[in-house]
Amino acid sequence: MNVGSISTSLKEEQSKISHALRRLAECNVITMEKKGNFRYYSLNKKTIVPILEIIDKHVMTCCSVCRYLGRGKCSH
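Note that the structure is predicted; figures quoted are calculated from it, not measured. Residue numbers run consecutively from 1 along every chain, following the written order of its sequence. Confidence filtering applies because this is a predicted model: local features only for residues at pLDDT of at least 70, side-chain atom pairs given and counted only at 80 or more, and all residues used for totals across whole chains, interfaces and linings. The side-chain values count all of the structure's non-hydrogen atoms but skip hydrogen atoms and water molecules.

(A) Expanded view of helix α1 (residues 3-10). For every residue, the accessible area obtained with a 1.4 Å probe (protein chains only) is divided by the maximum for its type, and the residue is called buried under 20%, exposed over 50%, and partly exposed between those limits. Helical segments are the DSSP runs of H or I of at least four residues, strand segments are the runs of E of at least two, and each set is numbered from the N terminus. Every buried residue of α1 is accounted for by Val3, Ile6 and Ser7. Each buried residue of α1 sits inside an arc of 100° when the element is viewed along its axis, so together they form one side. In α1, the exposed residues that point more than 90 degrees away from the buried face are Thr8 and Ser9. We call two residues in contact whenever any of their non-hydrogen atoms come within 4.5 Å of each other. Where α1 is buried, its residues meet α2 (14-26) and β2 (38-43). Looking at where α1 begins, the residue whose side-chain oxygen comes 3.1 Å from the main-chain nitrogen of glycine 4 is asparagine 2. Think of it as the arc spanned by the lines of direction from the helix axis to the C-beta atoms. Pairs of N or O atoms are called polar contacts if they sit within 3.5 Å, as long as, within protein, a hydrogen donor faces a hydrogen acceptor (for residues adjacent in sequence, only side-chain-to-side-chain pairs).

Laid out in structure tokens, this is it:
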């Protein structure tokens, strides 16, 4: 997503989103691809995505509330 899309989705100011994305990119949590005048951001597929998959698996295995409600993601 680009900054504008993220800003709209989160209902936050673009400047706040840009600052946060810069910090996440500096730590390699996200990657940035430049296309024309736009920058597109995505999660680091090599490290962050596998971590999130492990967390999802843990929640569905160990969170009795989420298992009981059949939720794909824990909301509490």
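(B) Expanded view of unusual backbone geometry. Even without glycine at this site, lysine 11 takes up a positive phi of about 55°. Position of lysine 11 among the secondary structure elements: in the loop between α1 and α2. Exposure remark for lysine 11: the relative accessible area of 73% places this residue in the exposed category. In this model, asparagine 28 sits at a positive phi of 60°, which is unusual for a non-glycine residue.

(C) Spatial organisation of the nonpolar core. Ranked by size, the top nonpolar core spans six residues in total: Val3, Ile6, Ile17, Leu21, Ile30 and Tyr41. In contact with isoleucine 30, other than residues within four places in its own chain, are Leu21, Leu24, Ala25, Tyr41, Ser42, Leu43 and Asn44. Definition used in this section: a nonpolar core is a set of buried Ala, Val, Leu, Ile, Met, Phe, Trp, Tyr and Cys residues joined via side-chain atoms within 4.5 Å.

(D) Structural context of the packing of aromatic side chains. A pair of aromatic rings is counted whenever rings of Phe, Tyr or Trp (Trp by its six-membered ring) have centres within 6.5 Å, and the orientation is called stacked for planes under 30 degrees apart, edge-to-face for over 60 and tilted otherwise. Inspection of the entire model under this criterion finds one aromatic pair. Ring geometry for phenylalanine 38 versus tyrosine 40: centroids 6.4 Å apart, planes at 45°, classification tilted. Judged by its relative accessible area of 30%, tyrosine 40 falls in the partly exposed class. Between lysine 35 and the ring centre of tyrosine 40, over which it is positioned, the NZ or CZ distance is 5.7 Å. Remark: a charge is flagged as sitting over a ring if the NZ atom of Lys or the CZ atom of Arg is within 6 Å of the ring centre and within 35 degrees of the ring normal.

(E) Spotlight on a nonpolar patch on the surface. Think of a patch as exposed residues, more than 30% relative accessible area, with no salt bridge, where like charges cluster within 9 Å and nonpolar side chains (Val, Leu, Ile, Met, Phe, Trp, Tyr) cluster within 5 Å. Areas reported as accessible are Shrake-Rupley estimates using a 1.4 Å probe. Residue values count occlusion only from the protein chains shown. When a carboxyl oxygen of Asp or Glu is within 4 Å of a side-chain nitrogen of Lys or Arg, the pair counts as a salt bridge. The grouping of Leu43, Ile51, Leu52 and Ile55 at the surface amounts to a nonpolar patch, some 320 Å² of accessible area in total. Per-element tally for the nonpolar patch: the top contributor is helix α3 (residues 48-62), with three residues. Along the chain, leucine 43 falls in strand β2. The exposure class of leucine 43 is partly exposed, given its relative accessible area of 38%.

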